[in-house]
Amino acid sequence: MQYRKLGNTPFDVSVLGMGCVTFGREIDEAASVEILNHALDQGMTLFDTAESYGGGASEELVGSWMESRGCRDEIVLASKVSGILTRNRIISSAEESLRRLKTDRIDLFQLHVWDDETPLTEMLAALDALVRDGKVLEIGCSNYTKDQLETARKLSDEGGLTKMKTVQPPYNLVQREIEIDLLPYCQEEGIGVISYSPLAAGFLTGKYRPGKSPPKGSRFDVIPGHQPIYFTNHGYDVLEQLDHRVMETGHTHAELAMQWTLQQSGITSVLVGARTTDHVDLAVNLLSK
(Lines give C-alpha, C1' and ligand atoms only; values in the text may rest on other atoms or scores of the structure.)
Protein backbone atom coordinates (compact mmCIF):
# COMPACT_ATOMS: atom_id res chain seq x y z
CA MET A 1 0.00 0.00 0.00
CA GLN A 2 1.13 3.54 -0.75
CA TYR A 3 0.53 6.54 1.53
CA ARG A 4 0.22 10.27 0.92
CA LYS A 5 -0.08 13.40 3.01
CA LEU A 6 -3.72 14.48 3.22
CA GLY A 7 -3.32 18.09 2.13
CA ASN A 8 -2.17 20.37 4.94
CA THR A 9 -3.49 18.08 7.66
CA PRO A 10 -1.15 16.09 9.92
CA PHE A 11 -2.46 12.84 8.48
CA ASP A 12 -0.80 10.40 6.11
CA VAL A 13 -3.47 8.24 4.47
CA SER A 14 -3.51 5.22 2.22
CA VAL A 15 -4.02 5.96 -1.46
CA LEU A 16 -6.97 3.59 -1.26
CA GLY A 17 -9.52 4.44 1.41
CA MET A 18 -12.37 2.33 2.69
CA GLY A 19 -15.70 3.86 1.76
CA CYS A 20 -18.17 2.57 4.34
CA VAL A 21 -21.36 3.42 2.46
CA THR A 22 -22.46 -0.20 1.97
CA PHE A 23 -22.26 -1.18 5.64
CA GLY A 24 -25.67 -1.62 7.23
CA ARG A 25 -27.37 -0.53 4.04
CA GLU A 26 -26.49 -3.11 1.41
CA ILE A 27 -24.64 -5.74 3.43
CA ASP A 28 -25.07 -7.07 6.96
CA GLU A 29 -22.83 -6.77 10.01
CA ALA A 30 -20.88 -9.99 9.46
CA ALA A 31 -19.98 -9.09 5.87
CA SER A 32 -19.15 -5.51 6.89
CA VAL A 33 -16.77 -6.60 9.65
CA GLU A 34 -15.06 -9.06 7.30
CA ILE A 35 -14.44 -6.26 4.79
CA LEU A 36 -13.27 -3.81 7.46
CA ASN A 37 -10.75 -6.31 8.81
CA HIS A 38 -9.55 -7.18 5.32
CA ALA A 39 -9.15 -3.52 4.35
CA LEU A 40 -7.05 -2.79 7.43
CA ASP A 41 -4.98 -5.93 6.88
CA GLN A 42 -4.32 -4.77 3.31
CA GLY A 43 -2.91 -1.49 4.60
CA MET A 44 -5.88 0.85 4.26
CA THR A 45 -5.80 3.55 6.91
CA LEU A 46 -8.53 5.97 5.75
CA PHE A 47 -12.06 4.89 6.71
CA ASP A 48 -14.85 7.19 5.56
CA THR A 49 -18.43 7.00 6.77
CA ALA A 50 -21.39 9.38 7.32
CA GLU A 51 -24.42 9.79 9.54
CA SER A 52 -26.65 9.24 6.51
CA TYR A 53 -25.20 5.86 5.52
CA GLY A 54 -27.81 3.33 6.51
CA GLY A 55 -29.42 5.87 8.83
CA GLY A 56 -26.41 5.70 11.15
CA ALA A 57 -25.92 1.93 10.82
CA SER A 58 -22.58 2.38 9.04
CA GLU A 59 -21.17 4.48 11.88
CA GLU A 60 -22.44 1.98 14.45
CA LEU A 61 -20.79 -0.91 12.62
CA VAL A 62 -17.51 0.96 12.24
CA GLY A 63 -17.60 1.96 15.90
CA SER A 64 -18.22 -1.57 17.14
CA TRP A 65 -15.50 -2.88 14.84
CA MET A 66 -12.92 -0.35 16.05
CA GLU A 67 -13.76 -1.15 19.67
CA SER A 68 -13.57 -4.91 19.10
CA ARG A 69 -10.36 -4.81 17.08
CA GLY A 70 -8.76 -2.06 19.16
CA CYS A 71 -7.61 -0.20 16.05
CA ARG A 72 -8.86 3.35 16.64
CA ASP A 73 -5.35 4.81 16.73
CA GLU A 74 -4.31 2.93 13.58
CA ILE A 75 -6.76 4.67 11.26
CA VAL A 76 -7.84 8.09 10.04
CA LEU A 77 -11.57 8.22 10.76
CA ALA A 78 -13.76 10.46 8.61
CA SER A 79 -17.48 11.15 8.82
CA LYS A 80 -20.00 13.65 7.50
CA VAL A 81 -23.07 15.65 8.41
CA SER A 82 -25.87 16.47 5.95
CA GLY A 83 -29.24 18.20 5.83
CA ILE A 84 -29.99 21.75 6.95
CA LEU A 85 -26.66 22.65 8.52
CA THR A 86 -27.49 25.00 11.35
CA ARG A 87 -25.01 25.38 14.20
CA ASN A 88 -27.09 23.16 16.50
CA ARG A 89 -27.56 20.56 13.78
CA ILE A 90 -23.83 20.31 13.03
CA ILE A 91 -22.81 20.07 16.68
CA SER A 92 -25.53 17.60 17.65
CA SER A 93 -24.78 15.48 14.58
CA ALA A 94 -21.09 15.31 15.47
CA GLU A 95 -21.93 14.30 19.02
CA GLU A 96 -24.30 11.58 17.78
CA SER A 97 -21.63 10.35 15.36
CA LEU A 98 -19.10 10.20 18.19
CA ARG A 99 -21.55 8.11 20.20
CA ARG A 100 -22.21 5.70 17.35
CA LEU A 101 -18.51 5.49 16.49
CA LYS A 102 -17.59 4.85 20.16
CA THR A 103 -14.73 7.34 20.04
CA ASP A 104 -13.79 10.67 21.58
CA ARG A 105 -12.80 12.39 18.33
CA ILE A 106 -13.43 12.34 14.59
CA ASP A 107 -10.23 12.90 12.64
CA LEU A 108 -11.95 14.48 9.63
CA PHE A 109 -15.48 15.88 9.87
CA GLN A 110 -17.03 16.98 6.59
CA LEU A 111 -20.10 18.85 5.41
CA HIS A 112 -21.68 16.23 3.16
CA VAL A 113 -23.48 18.62 0.79
CA TRP A 114 -23.84 22.34 0.17
CA ASP A 115 -26.67 23.95 2.15
CA ASP A 116 -28.31 26.99 0.56
CA GLU A 117 -30.52 27.72 3.57
CA THR A 118 -27.98 28.23 6.36
CA PRO A 119 -25.42 31.06 6.29
CA LEU A 120 -22.01 29.62 5.53
CA THR A 121 -20.50 31.62 8.40
CA GLU A 122 -22.81 29.80 10.83
CA MET A 123 -21.72 26.43 9.50
CA LEU A 124 -18.04 27.33 9.68
CA ALA A 125 -18.37 28.68 13.22
CA ALA A 126 -20.00 25.41 14.31
CA LEU A 127 -17.18 23.37 12.77
CA ASP A 128 -14.63 25.64 14.42
CA ALA A 129 -16.30 25.08 17.81
CA LEU A 130 -16.05 21.31 17.35
CA VAL A 131 -12.34 21.63 16.59
CA ARG A 132 -11.73 23.90 19.58
CA ASP A 133 -13.54 21.39 21.81
CA GLY A 134 -11.33 18.57 20.52
CA LYS A 135 -14.28 16.57 19.20
CA VAL A 136 -13.06 17.04 15.62
CA LEU A 137 -9.43 17.35 14.53
CA GLU A 138 -9.76 18.57 10.92
CA ILE A 139 -12.65 19.70 8.73
CA GLY A 140 -13.53 19.37 5.07
CA CYS A 141 -16.42 19.16 2.66
CA SER A 142 -17.94 16.74 0.20
CA ASN A 143 -19.63 17.47 -3.14
CA TYR A 144 -18.57 21.14 -3.11
CA THR A 145 -17.67 23.05 -6.25
CA LYS A 146 -14.42 24.98 -6.48
CA ASP A 147 -16.25 28.28 -5.92
CA GLN A 148 -18.07 26.95 -2.86
CA LEU A 149 -14.87 25.62 -1.31
CA GLU A 150 -12.95 28.80 -2.09
CA THR A 151 -15.70 30.93 -0.55
CA ALA A 152 -15.71 28.81 2.61
CA ARG A 153 -11.95 29.07 3.02
CA LYS A 154 -11.96 32.83 2.48
CA LEU A 155 -14.69 33.30 5.10
CA SER A 156 -12.72 31.18 7.55
CA ASP A 157 -9.64 33.35 6.96
CA GLU A 158 -11.64 36.52 7.50
CA GLY A 159 -13.25 35.20 10.68
CA GLY A 160 -10.18 33.53 12.15
CA LEU A 161 -11.91 30.16 11.95
CA THR A 162 -10.61 26.68 11.24
CA LYS A 163 -10.23 26.19 7.48
CA MET A 164 -11.42 23.28 5.40
CA LYS A 165 -8.39 21.26 4.33
CA THR A 166 -10.03 18.51 2.29
CA VAL A 167 -12.71 17.98 -0.31
CA GLN A 168 -14.47 14.78 -1.33
CA PRO A 169 -15.83 14.80 -4.90
CA PRO A 170 -17.05 12.02 -7.18
CA TYR A 171 -14.49 11.22 -9.87
CA ASN A 172 -14.59 8.58 -12.58
CA LEU A 173 -14.65 8.18 -16.33
CA VAL A 174 -18.17 9.62 -16.51
CA GLN A 175 -17.91 12.39 -13.91
CA ARG A 176 -14.78 14.42 -14.67
CA GLU A 177 -16.00 17.93 -13.94
CA ILE A 178 -13.47 18.45 -11.14
CA GLU A 179 -10.68 18.53 -13.72
CA ILE A 180 -11.88 21.96 -14.89
CA ASP A 181 -11.17 24.01 -11.77
CA LEU A 182 -11.52 22.10 -8.48
CA LEU A 183 -8.44 19.90 -8.91
CA PRO A 184 -6.18 22.80 -10.02
CA TYR A 185 -7.42 24.91 -7.08
CA CYS A 186 -6.74 22.11 -4.60
CA GLN A 187 -3.25 21.56 -5.96
CA GLU A 188 -2.52 25.29 -5.70
CA GLU A 189 -3.86 25.54 -2.14
CA GLY A 190 -2.55 22.23 -0.79
CA ILE A 191 -6.03 20.81 -0.20
CA GLY A 192 -6.39 17.05 0.16
CA VAL A 193 -8.67 15.42 -2.42
CA ILE A 194 -10.49 12.24 -1.42
CA SER A 195 -12.35 11.04 -4.48
CA TYR A 196 -15.21 8.58 -4.40
CA SER A 197 -17.22 6.41 -6.79
CA PRO A 198 -14.33 5.33 -9.08
CA LEU A 199 -16.65 2.75 -10.65
CA ALA A 200 -19.51 5.24 -10.92
CA ALA A 201 -21.56 3.41 -8.26
CA GLY A 202 -21.04 0.23 -10.29
CA PHE A 203 -22.18 1.72 -13.59
CA LEU A 204 -18.72 1.20 -15.09
CA THR A 205 -18.71 -2.52 -14.29
CA GLY A 206 -20.76 -3.05 -17.45
CA LYS A 207 -23.85 -4.63 -15.87
CA TYR A 208 -26.14 -1.70 -16.65
CA ARG A 209 -27.39 -1.29 -20.19
CA PRO A 210 -29.73 1.13 -22.03
CA GLY A 211 -33.38 0.21 -21.81
CA LYS A 212 -32.86 -2.50 -19.19
CA SER A 213 -33.84 -2.37 -15.53
CA PRO A 214 -30.99 -2.54 -13.00
CA PRO A 215 -30.29 -6.07 -11.73
CA LYS A 216 -32.23 -6.85 -8.55
CA GLY A 217 -30.25 -5.89 -5.46
CA SER A 218 -27.67 -3.85 -7.40
CA ARG A 219 -26.66 -0.35 -6.29
CA PHE A 220 -28.92 1.32 -8.86
CA ASP A 221 -31.82 -0.88 -7.77
CA VAL A 222 -31.28 -0.18 -4.05
CA ILE A 223 -30.47 3.51 -4.55
CA PRO A 224 -32.37 4.58 -7.69
CA GLY A 225 -31.36 8.21 -7.11
CA HIS A 226 -28.02 7.38 -8.75
CA GLN A 227 -29.68 6.64 -12.08
CA PRO A 228 -30.09 10.23 -13.41
CA ILE A 229 -26.36 10.83 -12.90
CA TYR A 230 -25.15 7.92 -15.02
CA PHE A 231 -28.09 6.61 -17.08
CA THR A 232 -27.53 9.32 -19.70
CA ASN A 233 -26.36 9.48 -23.30
CA HIS A 234 -22.94 10.61 -22.09
CA GLY A 235 -22.77 7.80 -19.55
CA TYR A 236 -23.63 5.13 -22.10
CA ASP A 237 -21.17 6.63 -24.60
CA VAL A 238 -18.39 6.27 -22.03
CA LEU A 239 -19.51 2.73 -21.29
CA GLU A 240 -19.41 1.87 -24.98
CA GLN A 241 -15.83 3.15 -25.23
CA LEU A 242 -14.98 1.07 -22.18
CA ASP A 243 -16.52 -1.98 -23.87
CA HIS A 244 -14.05 -1.56 -26.73
CA ARG A 245 -11.11 -1.31 -24.33
CA VAL A 246 -12.26 -4.48 -22.59
CA MET A 247 -12.21 -6.34 -25.92
CA GLU A 248 -8.80 -4.89 -26.83
CA THR A 249 -7.07 -5.57 -23.52
CA GLY A 250 -8.84 -8.55 -22.01
CA HIS A 251 -9.22 -6.68 -18.72
CA THR A 252 -12.59 -6.29 -17.04
CA HIS A 253 -14.63 -3.11 -17.04
CA ALA A 254 -13.97 -2.65 -13.32
CA GLU A 255 -10.22 -3.12 -13.67
CA LEU A 256 -9.94 -0.55 -16.45
CA ALA A 257 -12.17 2.02 -14.77
CA MET A 258 -10.42 1.68 -11.41
CA GLN A 259 -6.97 1.77 -12.99
CA TRP A 260 -7.84 5.00 -14.79
CA THR A 261 -8.83 6.72 -11.56
CA LEU A 262 -5.76 5.51 -9.68
CA GLN A 263 -3.50 6.94 -12.39
CA GLN A 264 -4.93 10.47 -12.26
CA SER A 265 -2.79 13.15 -10.64
CA GLY A 266 -4.03 15.46 -7.91
CA ILE A 267 -5.96 12.78 -6.02
CA THR A 268 -4.78 12.01 -2.49
CA SER A 269 -6.90 8.94 -1.84
CA VAL A 270 -9.56 7.00 -3.75
CA LEU A 271 -12.41 5.62 -1.68
CA VAL A 272 -13.46 2.08 -2.53
CA GLY A 273 -16.94 0.85 -1.66
CA ALA A 274 -17.25 -2.90 -1.22
CA ARG A 275 -19.75 -5.67 -0.74
CA THR A 276 -17.14 -8.42 -0.58
CA THR A 277 -13.44 -8.67 0.19
CA ASP A 278 -12.89 -9.35 -3.53
CA HIS A 279 -13.88 -5.76 -4.25
CA VAL A 280 -11.11 -4.59 -1.93
CA ASP A 281 -8.60 -6.95 -3.54
CA LEU A 282 -9.46 -5.67 -7.04
CA ALA A 283 -8.34 -2.17 -6.11
CA VAL A 284 -5.34 -3.24 -4.04
CA ASN A 285 -4.01 -5.51 -6.79
CA LEU A 286 -4.25 -2.71 -9.35
CA LEU A 287 -1.85 -0.57 -7.30
CA SER A 288 1.02 -2.86 -8.21
CA LYS A 289 0.31 -2.78 -11.95
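Read on for an overview of the structure. (Residues numbered from 1 in each chain as written. Predicted model: local features only at pLDDT ≥ 70, side-chain atom pairs only at ≥ 80, totals over all residues. Heavy atoms only, no water.)

1. Observations regarding helix α5 (residues 146–159)
Here α5 is 14 residues long and its end C-alpha atoms lie 20 Å apart, about the 20 Å a rise of 1.5 Å per residue gives. Looking at α5, one finds that the buried residues are K146, Q148, L149, E150, A152, R153 and S156. The secondary structure elements touched by the buried residues of α5 are α4 (120–132), β7 (136–142), β8 (164–168) and α6 (182–189). Taken from the residues just after α5, G160 is the one with a positive phi, measuring 65 degrees. (Helix = DSSP H or I, 4+ residues; strand = E, 2+ residues; numbered from the N terminus. Expected span 1.5 Å × (residues − 1). Buried < 20%, exposed > 50% of the residue type's maximum accessible area, 1.4 Å probe, protein only. Contact = heavy atoms within 4.5 Å.)

2. Quick notes on unusual backbone geometry
The backbone of N143 sits at a positive phi, close to 65 degrees, despite the residue not being glycine. Within the secondary structure layout, N143 lies in the loop between β7 and α5. One non-glycine residue, A200, adopts positive backbone phi at about 55 degrees. Within the secondary structure, A200 sits in the loop between β9 (192–195) and α7 (219–222). Residue class for A200 comes out buried when judged on its relative accessible area of 0%.

3. Section: the state of the cysteines
Taken as a whole and assessed by the stated rule, the structure comprises zero disulfides. The cysteine C141 is free of any disulfide, with C186 supplying the nearest cysteine sulfur at 8.0 Å. A residue is classified by how much of its surface remains accessible, and C141, at 0% relative accessible area, is buried. (Disulfide = S-S within 2.5 Å.)

4. Thoughts on the packing of helix α1 (residues 29–41) against helix α11 (residues 277–286)
Working note: a packed helix pair is described by the angle between its axes plus the distance between those axes. Where α1 meets α11, the axes come as close as 9 Å, and the angle between the chain directions of the two elements is 25 degrees. In terms of orientation, α1 lies roughly parallel with respect to α11. Judged by the twist between their axes, the crossing of α1 over α11 is right-handed. Facing E34, I35, H38 and A39 of α1, the residues of α11 in contact are T277, V280 and D281. Across the contact of α1 with α11, the residue classes tally to three nonpolar, two polar and two charged. (Axes fitted to C-alpha atoms, helices over the stretch in contact; angles between N-to-C directions. Parallel < 35°, antiparallel > 145°, perpendicular 65-115°, else oblique. Left-handed = near helix turned anticlockwise from the far one by under 90°. Nonpolar A, V, L, I, M, F, W, Y, C, P; charged D, E, K, R; others polar.)

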